[in-house]
Each structure stands twice: as structure tokens, then as C-alpha cells.
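# Structural overview for review
Listed below are the residues making up each chain.
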Amino acid sequence: MRTFLCKADSKRPLMHWTMLKEDSYFEGPVPEGYRLCASPSKGYVILDVDRHDGKDGFENIPIKIIDELEQTFHYPTKNNGVHYWLRYSGSKPLGNKTSGQGYDLRTEKGYVCYYMNDDIRDNLHLIKETSPELNKFLETWFSYKD
């Protein structure tokens, strides 16, 4: 994992965040005008479910999947969405992609705003491994097509 600062108004990182070494974490209080952002490590993904621009991603996710998502580390976003952190146990490579259905996936090649007041390291033990059913859902929407 990595955490770093972004400008609050644009969500743009202050530096090229991919240059940060794995397990690099911003320390201290977040300055005014900035947000803390996080990028998952390889093998972890973040399902970003949105509710804005006339779309509600929760309407497009099967109830069984939502039930499983509620068991992993998650937090609300500023637009009444949710970031669900997962340890991906599937075998297909997943991309840092949008679905057009109101949910997006962020891999180690992406990042999200971290809307919690605590340190991400304190929550790593809460991130659950994906089930075969959740893997199928993620792979349907976010795997690379042959």
C-alpha cells in the first residue's frame, strides 16, 4: 500500500505517486486544502461504488455480492458511495477500469481518496479475500478481454 497527498479540489497527486516505494505512507495530519489518497498493493483491489451523475452503482450489483462486500473493510465516499477494499483471489488479471455501471475498480495502478481519519495500516487485517462468486463478478467487468 501507499498513501500520499492530493489537492482536494482536483484529486491530483502532488507527485508522481507510482514513484513511491511499496509501503510508503504519509505521516501526520493532512494539511488544509489536501486529501489523503491510497493505492492498493498488488493482489489488492478497491471496488469504488458511486452514486452520482444520475447513476447508483448499488442498483447494478447483485445482492449476494453486496452482502459479501459489506464484510470487508469499507468506508463511505463524499458522494454517498463506498470504497470496498478486497484481497483478490482470482486468477485473471484485472485492470484499473470503469464499468459504466456506477462502479469502478482500482488496482495497484490506481488510487482512491482515503476518507478515513485513521491510518490504513490499522485496517489491513479487515480486508477480506474474494469468494469465487465475487471473483466472477470482478472478472466479468474488469478483466482484460482476449
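Rules used in this analysis
- Residues numbered from 1 in each chain as written.
- Predicted model: local features only at pLDDT ≥ 70, side-chain atom pairs only at ≥ 80, totals over all residues.
- Heavy atoms only, no water.
- Buried < 20%, exposed > 50% of the residue type's maximum accessible area, 1.4 Å probe, protein only.
- Helix = DSSP H or I, 4+ residues; strand = E, 2+ residues; numbered from the N terminus.
- Pairing = 2+ DSSP bridges.
- Patch = residues over 30% accessible without salt bridge, like charges linked within 9 Å, V, L, I, M, F, W, Y side chains within 5 Å.
- Areas by Shrake-Rupley, 256 points an atom, 1.4 Å probe, with all protein chains shown as cover.
- Salt bridge = Lys/Arg side-chain N within 4 Å of Asp/Glu carboxyl O.

## Structural notes on the pairing of strand S7 (residues 82-87)
Most of S7 is tucked away, with 5 of its 6 residues classed as buried. Pairing of strand S3 (residues 44-49) with S7 involves 6 bridges; the strand directions are antiparallel. Looking across to S7, one finds that Val 49 is bridged to Val 82. Bridge count for strand S6 (residues 74-76) against S7 is 3 bridges, and the pairing is antiparallel. Its bridge partner being in S7, Pro 76 is matched across the sheet by Val 82. The pairing of S7 with strand S10 (residues 128-129) spans 2 bridges and is parallel. Bridge pairing in S10 places Arg 87 opposite Glu 129.

## Remarks on a nonpolar patch on the surface
A surface patch of nonpolar side chains, about 480 Å² in accessible area, is lined by Leu 14, Met 15, Met 19, Val 30 and Tyr 34. Locating Met 19 in the fold gives a position in the loop between strand S1 (2-7) and strand S2 (34-39).

## What about the sheet that holds strand S9 (residues 112-113)?
Here we have 3 strands laid out as an open sheet, ordered S1-S2-S9, and antiparallel in their pairing. The outermost strands of the open sheet, each flanked by one partner alone, are S1 and S9. Inspection of the sheet shows S1 paired to S2 by 6 bridges, in the antiparallel sense. Bridge assignment links Phe 4 to a residue of S2, and that residue is Cys 37.

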